[in-house]
Amino acid sequence: MMASNCEASVSQVRGLAVVALSGEVDGSAATVLGSAYDAAVRDEPTAVLLDFAAVDYINSTGIALIVSVLAKARSEGRRVVASGLSEHYRRIFDITRLSDFIQLYADVESAANGVIEGASA
Amino acid sequence: MSPAPDPERVVPLAEIELAVQEAEVPVVVAPRDAGHWAPNVTRLTVDADRAAVGFNVAGKRVTGPQQGFGRLWQRTYTTQLGSVVGPQRLISEWKAHFGEFWTKGNRFHGLLITPGEVAPIAVNTGAGLKLSTGVLVLYADDESFTFMTPEGHMFAGWITFSAFADAAGTAARIQVLIRPNDPIFELGWPVMKRMEDRFWMATLRNVAAHFGVLDAAVEERTVLVDKHRIWHNARNVWHNAGIRSVLHLLTAPVRAVRRRRLG
């Protein structure tokens with residue numbers, strides 16, 4: 001098995017489960033990302049936030065992993081949003097058309113606000 | 001009040017470096033992966049030389065797995081090449097000879113496997129019809145490259161070709177993350193699934209044979225990532241490359257007459 005340079009920590013911000021990713025999101029990040037997602041949904045959060053603020057590398061297999069997480073969340077009826085994407089990674093989300101179906105926020109705080117406002121609207 | 005600077009004074013380098021550090025000018029460093037991704041495009045374009053084979057690609061948008069209709073599948077084909085080649089050389093050769101590794105009757109009209117390249121393809125459906133569609137090279141680095149499909153393609157999603165070192169030496173892998181693009185292709189999935197198996201397994205065997213590994217065993221693994229269909233994408237059928245390829249074939253005499261009239 002390939003060693004992963006990706007790390008993930010899970011926390012709660014006003015009912016939102018935050019998966020803060022750091023390092024490199026590539027094919028070797030599958031276990032890290034999968035475990036983090038499973039931990040994040042354990043307490044039935046309003047939504048799951050993938051925070052990319054500390055990510056400095058994403059390749060195409062990494063993007064495929066993110067889609068797998070989104071598909072899993074969708075099949076479970078959960079909402080997933082993202083934050084902390086640099087201009088470069090926002091562009092990657094546009095090219096791959098991930099941004100068509102995942103709400104992007106500048107940071108964790110604005111994501112929490114956005115999700116709460118969305119839930120109460 | 002500080003004294004006025006002496007314009008004749010030669011400023012030492014260390015002093016300049018310190019001044020730059022203190023200025024705290026943000027330095028924007030492009031991420032390592034920046035050069036590996038295709039530029040953002042709204043609609044695909046095909047150059048004039050390949051326009052005739054790219055009629056189902058020009059003007060189309062690319063489709064990720066969530067723009068398709070059917071169930072989402074991850075299918076992985078892997079073969080071992082042992083120690084005859086390393087991952088980087090394998091990918092370099094695979095890129096250089098990509099279309100040559102395809103099975104007879106299928107054509108890849110790409111020039112280079114570089115990010116942003118749009119390659120028309122012709123797929124042998126086995127029913128006497130060539131289905132014309134294409135791919136965008138979404139990502140390419142030294143150890144992998146990924147194609148993204150356009151509207152109308154059988155599948156919405158990505159196909160990643162990669163090589164990596166493991167305990168047995170070097171492995172070559174093809175991994176697709178796809179949804180059938182519309183209800184017609186979803187209905188045809190059981191047949192297309194078998195065609196995909198034959199096609200990609202033969203491709204991997206051809207890659208292995210290129211390096212002298214004959215009759216390589218190919219391992220296949222299928223995971224149903226999302227069993228739900230995306231019903232609002234059912235209208236993708238409008239772009240169906242199969243239907244459009246048939247229409248293109250039927251209207252060939254009309255285009256020939258028009259070309260003759262225009263001289």
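Whatever comes next refers back to the structure up there.
Residues numbered from 1 in each chain as written. Chains lettered and ligands numbered in written order. Predicted model: local features only at pLDDT ≥ 70, side-chain atom pairs only at ≥ 80, totals over all residues. Heavy atoms only, no water.

Colleague: Tell me about the nonpolar core, and name the residues and values.
Modeller: In this structure, A:Phe52, A:Ile63, A:Ile66, A:Phe93, A:Leu98, A:Ile102 and B:Trp158 are the most contacted members of the largest nonpolar core, which totals 50 residues. Of all the secondary structure elements, the ones that give two or more residues to this core are strand E2 (16-25), helix H1 (30-40), strand E3 (47-58), helix H2 (60-75), strand E4 (80-83) and helix H3 (87-95) of chain A together with strand E5 (130-140) of chain B. It is H2(A) that contributes the most residues to this core, nine residues altogether. Counting residues in hydrophobic clusters, the runner-up holds 44 residues, among them B:Leu90, B:Ile174, B:Met201 and B:Val213. (Core = buried A, V, L, I, M, F, W, Y, C linked by side-chain atoms within 4.5 Å. Buried < 20%, exposed > 50% of the residue type's maximum accessible area, 1.4 Å probe, protein only. Helix = DSSP H or I, 4+ residues; strand = E, 2+ residues; numbered from the N terminus.)

Colleague: Describe in detail the pairing of strand E1 (residues 6-13) of chain A, supporting the description with residues and values.
Modeller: All names here are of chain A. Bridging between E1 and E2 involves eight bridges; their strand directions are antiparallel. The partner of serine 9 across the bridge, within E2, is alanine 20. Turn length for the E1-E2 hairpin, with the two strands adjacent in sequence and antiparallel, is two residues, and the turn residue arginine 14 shows positive phi of about 45 degrees. (Pairing = 2+ DSSP bridges.)

Colleague: Could you give an account of the interface of chain B and chain A, naming the residues involved and the relevant values?
Modeller: A common way to express how large an interface is: the accessible area buried when the components associate. Of the residues lining the interface, 30 residues belong to chain B; the matching set on chain A comes to 24 residues. The junction of chain B with chain A conceals about 2500 Å² of combined surface from both sides, 59% of it contributed by carbon and sulfur atoms. In this structure, the connection of chain B to chain A is made through two salt bridges. The partner of A:Glu24 in a salt bridge is B:Arg32, and the shortest N-O contact between them spans 2.5 Å. Our enumeration of links across chain B and chain A arrives at 13 residue pairs in polar contact (both at pLDDT 80 or more). Of all the secondary structure elements, the ones that give two or more residues to the side of chain B that touches chain A are strand E1 (62-63), E5, strand E6 (144-150), strand E7 (155-166), strand E8 (169-180) and strand E9 (218-226) of chain B. Broken down by class, the residue content of the side of chain B that touches chain A amounts to 15 nonpolar, eight polar and seven charged. (Contact = heavy atoms within 4.5 Å. Buried area = accessible area lost by both parts, 1.4 Å probe. Salt bridge = Lys/Arg side-chain N within 4 Å of Asp/Glu carboxyl O. Polar contact = N/O pair within 3.5 Å; in protein donor to acceptor, adjacent residues only side chain to side chain. Nonpolar A, V, L, I, M, F, W, Y, C, P; charged D, E, K, R; others polar.)

Colleague: Any chance you could break down the packing of H1(A) against H2(A) for me, citing the residues and the numbers?
Modeller: Residues and elements named next belong to chain A. At a minimum axis distance of 10 Å, the contact between H1 and H2 shows a crossing angle of 25 degrees. The pairing of H1 with H2 is recorded here as roughly parallel in orientation. Classified by chirality, the crossing of H2 by H1 is right-handed. Residues Ala30, Leu33, Tyr37 and Asp38 of H1 pack against Leu65, Ile66, Val69, Lys72 and Ala73 of H2. A per-class count over the contact of H1 with H2 returns seven nonpolar, no polar and two charged. (Axes fitted to C-alpha atoms, helices over the stretch in contact; angles between N-to-C directions. Parallel < 35°, antiparallel > 145°, perpendicular 65-115°, else oblique. Left-handed = near helix turned anticlockwise from the far one by under 90°.)

Everything listed here is a matter of geometry and, on its own, says nothing about what the molecule does.
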